[in-house]
Amino acid sequence: MCPLAHPAQDLPLLLSQLSLDPSGPEWDCPLGSKDLEEEGPWGGGSGLPPTGCFPGSWRQDVGLDCKGSPEGAEARAWTVYYYSLLQSCLQQAGLPETQDRSQVPRTGNMLLCLSPAWLMKVPAPGQPGEAALLVSKAVSFHPGGLTFLDDFVPPRRATYFLAGLGLGPGRGREAAELARDLTCPTGASAELARLLEDRLLTRQLLAQQGGVAVPATLAFTYKPPGLLRGGDASLGLRLVELSGKEGQETLVKEEVETFLCSEALGDILQVAVKLSGWRWRGRQAWRLHPRAELGAVVDTVLALLEKLEEEESVLVEAVYPPAQLPCSDGPSPGPGLAVRICAVVCRTQGDRPLLSKVVCGVGRGDRPLRHHNSLPRTLEVALAQCGLGEEAQVAAVRQRVKAAAEAALAAVLALEAGLSAEQRGGRRAHTDFLGVDFALTAAGGVLTPVALELNGGLCLEACGALEGLWAAPRLGPAADEAVAAPLVETMLRRSARCLMEGKQLLVVGAGGVSKKFVWEAARDYGLQLHLVESDPNHFASQLVQTFIHFDMTEHRRDEENARLLAELVRARGLKLDGCFSYWDDCLVLTALLCQELGLPCSSPAAMRLAKQKSLTQLHLLRHHGPPWPAPSLHAVPCCPLESEADVERAVHQVPLPGVMKLEFGAGAVGVRLVEDAPQCHEHFSRITRDLQGEADHPGIGLGWGNAMLLMEFVEGTEHDVDLVLFGGRLLAAFVSDNGPTRLPGFTETAACMPTGLAPEQEAQMVQAAFRCCLGCGLLDGVFNVELKLTGAGPRLIEINPRMGGFYLRDWILELYGVDLLLAAVMVACGLRPALPTRPRARGHLVGVMCLVSQHLQALSSTASRETLQALHDRGLLRLNLLEEALVPGEYEEPYCSVACAGPSPTEARLRLLGLCQGLGIDGPSYPVAHFLSHFK
């Protein structure tokens, strides 16, 4: 499949076959047909698809021909076959039949192309040797299981391509050629598939690089590929390179005899002899022999050697008997049951492997257990059928499968990283998912998964078949539990990167050290950034395409400055795709500038509403709906303060205790709990005296003035909700929990993600944040909303109409694989980010803030920046540096955040507490255990 592109807006397209390609040509092995094991659903033949495979009723008079690309009879037969296969899958899943709207097509993001004639490659200007992939016809997928047959005139450009590959009948060869040397990312290529289908190469890779158990194997190779290295006997792999295919009788006998007598085989009673190499994909010719039959094994090896071509091998490998499971009630009559485990693992953000799903086959222990000859079932059910039902033991097996499968993909990705673009089939070709087949063996009383082979689609197909069991209404698993969910997320993420590469963006305000990630990410995404910044010596001035020095510190002149900046942009001839800011001070100016330049952005009026805290609350208090529930339910009474008289009036209007803060402040600087009128007057006077302008505390909004507000103090737990909105629609939301603050101040102390709230409470927080943004007119962008969860529901603290600060972008990227920065720049360019609707966290992060006033000694010694960075590099903590210098002051922001990860919040919390105690961050005046107490 391929994420696709609209003529005016590139989007992702997927081209994929619905099933594996049929097997290759019949192999004329003298061993006889009974020795030929097929791994595909059908054998070779005439090159035409099978007939009569799909009993069912659907329309046959649909427009499968593509205008301008007529198909021959054989190609047409395959297109009809794949269309019928799709309809059969939809029918079995209880979904509607595909509608033919090729005469009035609409756009879709995820497309399925059933014929190579529906696609074409065109040379890419400025990129020699590479081609763009265009789609003229496809099946598009929409929510609710709806599918449509669409024509695209003009053709749409693919921004991601995933193809079924193969050498036999069907579309494998054409798909492989279409996938080669594309300008868009591809999730597979014929070159990479060749590597994965070489059992010997992958076993050596898994054993030596991934530490994954593989069958003890003796391999005879003829002119082996350059990626193969000498076998390591200690790993049970022995590689014998042959000088020719004939006259090898003596060498073969010696090697086989040594192998059959080796300790690597343990108590194995049988061995299999088989061929390995790309030609034998989907068709494994092999024979079983008792280990004691040396002569028979040698004869089979010699017979298979005659069939070898360059870079192919003959393997002699251990055949593992069914594992005697710990809970089995003695030996069972007959051959017992064997389990074959299929694991699908996906490449996620940061090229990290993530296990997606595990499915098993169960069969007789005396017969080969292969794909398509057993019904799929869950690991728990499969193990229970074989006698293992104890929960802890099943969990241990699952964890071993997860570790081995993820290590397998990690080894493959490491191999790919060392390959040239030509060896990969294009500079954008990468393996995005992997199927790993395991046998389950008992070694030393421990059930161990042994990796038998890697495949590109069989395991995915098996998992899909298992999900198909739940096609009945109300029985299906949630969409985010689908095996393809992580793969789709990867497709969309790579597609988004393709869309954004080369985009020209104007950034208003460079920010401080905590925003250094912006410049690194921009380089990684291929963005062309142009910067407007007040500081002529800012480090970021050397990291952008264009630097415009412009004094924007006086934000009460934003309208005039926006007009002047627009003139500067036009004078420099900048052709911008978007303009955005992540810096609080510059948000209104950015909206005004976008308005001047005709670029997408939320309106300046909405930005002003959100920027001034009292204005936000008072506006929402008047917003009673409809629709209900109205944003007024979440607003908090407050009163703006510009003079002492305002303070006197406010203490009679706002219930005390209350919270006083700067109207345009950031980082909780100057925020204080006030319990009575004298404290209100005292705090107002102190802020008015100490924080008068930008020079007194740069970067917290004093360029807007130092007006304050008094708002009611509400009891409850504090939370951040980070939202992605496009066209007023909520695309994604991430909720985190904050620890108790050190009253009377409100500087953040600790945080946890994902939230520990109950699902209903989490949904309340998300909807409250969403409604408050809409109530202020914030329709497009990435926003951070701070709320408290009270006994009466969520209450708004404030809206930050920009990407969340501190650690939030980093944590969300780490846990969910979603980059808020990428989402923000896509929205700024008028592109809808394609984000997972229910992103799944990979674990938990719990963090604590370090303050110079509390940790100066530790930050200068035991918890120095160098020490913290070293621990971060070793994966022992997650460091987010927020300030550069260790300068104490009365009005301070956190210096850094340190966090620990864990599979549960409890484990992450305990790791962090121990780390803070060891580093000297924990202490009587800064009790970390108390700050983490909300996360139990």
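Participant: Honestly, the side chain of Asp-720 in this entry has me stumped. Any pointers?
Facilitator: Among the secondary structure elements, Asp-720 is positioned in strand E26 (residues 717-726). A distance of 3.0 Å separates polar atoms of two side chains, one belonging to Asp-720 and the other to Asn-738. Among the polar contacts listed, one links the side chain of Asp-720 to the side chain of Asn-784, at a separation of 3.0 Å. Dropping the residues within four chain positions of it, Asp-720 is found in contact with Phe-734, Val-735, Ser-736, Asn-738, Asn-784, Val-785, Glu-786 and Leu-808.

Participant: Looking at this structure, how should I read the environment of Ser-614?
Facilitator: As for its position among the elements, Ser-614 is in helix H16 (residues 613-621). Its relative accessible area of 2% is what places Ser-614 among the buried residues. Through-space distance from the C-alpha of Ser-614 to that of Cys-638 is 6.3 Å; in sequence the pair is 24 residues apart.

Participant: Just checking my understanding: could you explain the nonpolar core for this structure?
Facilitator: Nonpolar side chains tend toward joint burial in soluble globular proteins. Core analysis: the biggest nonpolar cluster contains 83 residues, and Met-500, Leu-505, Trp-519, Leu-868 and Val-898 have the highest contact counts within it. For this core, the element with the most residues is helix H21 (residues 820-828), which contributes nine residues. Val-898 has contacts with Val-846, Gly-847, Val-848, Cys-850, Leu-868, Arg-878, Leu-879, Leu-912 and Ile-921, leaving out every residue within four places of it along the chain.

Participant: Sorry, what's going on with the confidence of the model for the protein chain here?
Facilitator: The predicted coordinates of low-pLDDT regions are not to be read in fine detail. On average, residues of the protein chain score 85 in pLDDT, and 89% of them reach the 70 mark or higher. Taking the mean pLDDT of every element in the protein chain, the minimum, 36, falls on strand E3 (residues 36-38) and the maximum, 97, on strand E28 (residues 750-753). Here residues 4-45 scores under 50 on pLDDT; set against residues more than four positions off or in separate chains, the count is 171 contacts.

Participant: What's the story with the pattern of salt bridges in this structure? I'm lost.
Facilitator: Oppositely charged side chains can pair when the atoms bearing their charge come close. On inspection of all chains with the given rule, the structure shows 34 salt bridges. A salt bridge links Arg-802 to Asp-584; the shortest N-O distance between them is 2.9 Å. Here Arg-802 is found in the loop between strand E30 (793-800) and helix H20 (808-816), whereas its partner Asp-584 is found in the loop between strand E21 (578-580) and helix H14 (587-597), with 218 residues between them in sequence. Its relative accessible area of 11% is what places Arg-802 among the buried residues. Under the relative-accessibility criterion, Asp-584 is labelled buried at 11%.

Participant: What should I look at first to understand the packing of helix H17 (residues 644-653) against helix H18 (residues 677-690) in this one?
Facilitator: Their axes nearest at 10 Å, the elements H17 and H18 cross at an angle of 150°. By the angle class used here, H17 and H18 are roughly antiparallel. The two elements H17 and H18 meet at a crossing, and its hand is right-handed. Residue-level inspection shows Glu-644, Val-647, Glu-648 and Val-651 of H17 in contact with H18, the latter providing Ala-677, Cys-680, His-681, Phe-684 and Ser-685. Partitioning the contact of H17 with H18 into residue classes produces five nonpolar, two polar and two charged.

Participant: Please explain the sheet that holds strand E18 (residues 504-508) as it appears in this structure.
Facilitator: Within a beta sheet, neighbouring strands are joined by backbone hydrogen bonds and run either parallel or antiparallel to one another. Taken in spatial order, the four strands make up an open sheet running E20-E19-E18-E21, and their pairing is parallel. Either end of the sheet is taken by a strand with one partner, and the two such strands are strand E20 (546-549) and E21. The sheet shows a mean angle of 20° between the axes of neighbouring strands, direction not considered. With four bridges joining them, strand E19 (residues 528-533) and E20 adopt parallel strand pairing.

Participant: Sorry if this is basic, but what is going on with the sheet that holds strand E14 (residues 337-348) here?
Facilitator: Spatially, four strands are ordered E15-E14-E16-E17 in an open sheet, and the strand pairing comes out antiparallel. Two strands lie at the open edges of the sheet, namely strand E15 (352-364) and strand E17 (446-455), each paired on one side alone. For this sheet, the mean inter-axis angle between neighbouring strands, taken without regard to orientation, is 30°.

Participant: Mind showing me how you'd approach helix H6 (residues 294-305) here?
Facilitator: Structurally, the α-helix is built with 3.6 residues per turn, so residues lying three or four positions apart point the same way. For H6, spanning 12 residues, the distance from its first C-alpha to its last is 17 Å, which sits close to the expected 16 Å at 1.5 Å a residue. Taken as a whole, H6 has its buried residues at Val-297, Val-298, Thr-300, Val-301, Ala-303, Leu-304 and Leu-305.

Participant: Could you clarify how one ought to interpret the packing of helix H13 (residues 558-571) against H14 in this entry?
Facilitator: For any two helices packed against each other, one specifies the inter-axial angle together with the distance between the axes. The contact between H13 and H14 brings their axes to 9 Å, and the two run at 50°. Relative to H14, H13 is oriented oblique. Crossing handedness for the pair H13 and H14: right-handed. Counted together, Asp-558, Glu-559, Asn-561, Ala-562, Arg-563, Leu-565, Ala-566, Val-569 and Arg-570 of H13 and Val-588, Leu-589, Leu-592, Leu-593, Glu-596 and Leu-597 of H14 form the full contact between these two elements. When its residues are assigned to classes, the contact of H13 with H14 shows nine nonpolar, one polar and five charged.

About the cut-offs
Residues numbered from 1 in each chain as written. Predicted model: local features only at pLDDT ≥ 70, side-chain atom pairs only at ≥ 80, totals over all residues. Heavy atoms only, no water. Helix = DSSP H or I, 4+ residues; strand = E, 2+ residues; numbered from the N terminus. Polar contact = N/O pair within 3.5 Å; in protein donor to acceptor, adjacent residues only side chain to side chain. Contact = heavy atoms within 4.5 Å. Buried < 20%, exposed > 50% of the residue type's maximum accessible area, 1.4 Å probe, protein only. Core = buried A, V, L, I, M, F, W, Y, C linked by side-chain atoms within 4.5 Å. pLDDT = per-residue confidence, 0-100. Salt bridge = Lys/Arg side-chain N within 4 Å of Asp/Glu carboxyl O. Axes fitted to C-alpha atoms, helices over the stretch in contact; angles between N-to-C directions. Parallel < 35°, antiparallel > 145°, perpendicular 65-115°, else oblique. Left-handed = near helix turned anticlockwise from the far one by under 90°. Nonpolar A, V, L, I, M, F, W, Y, C, P; charged D, E, K, R; others polar. Pairing = 2+ DSSP bridges. Expected span 1.5 Å × (residues − 1).

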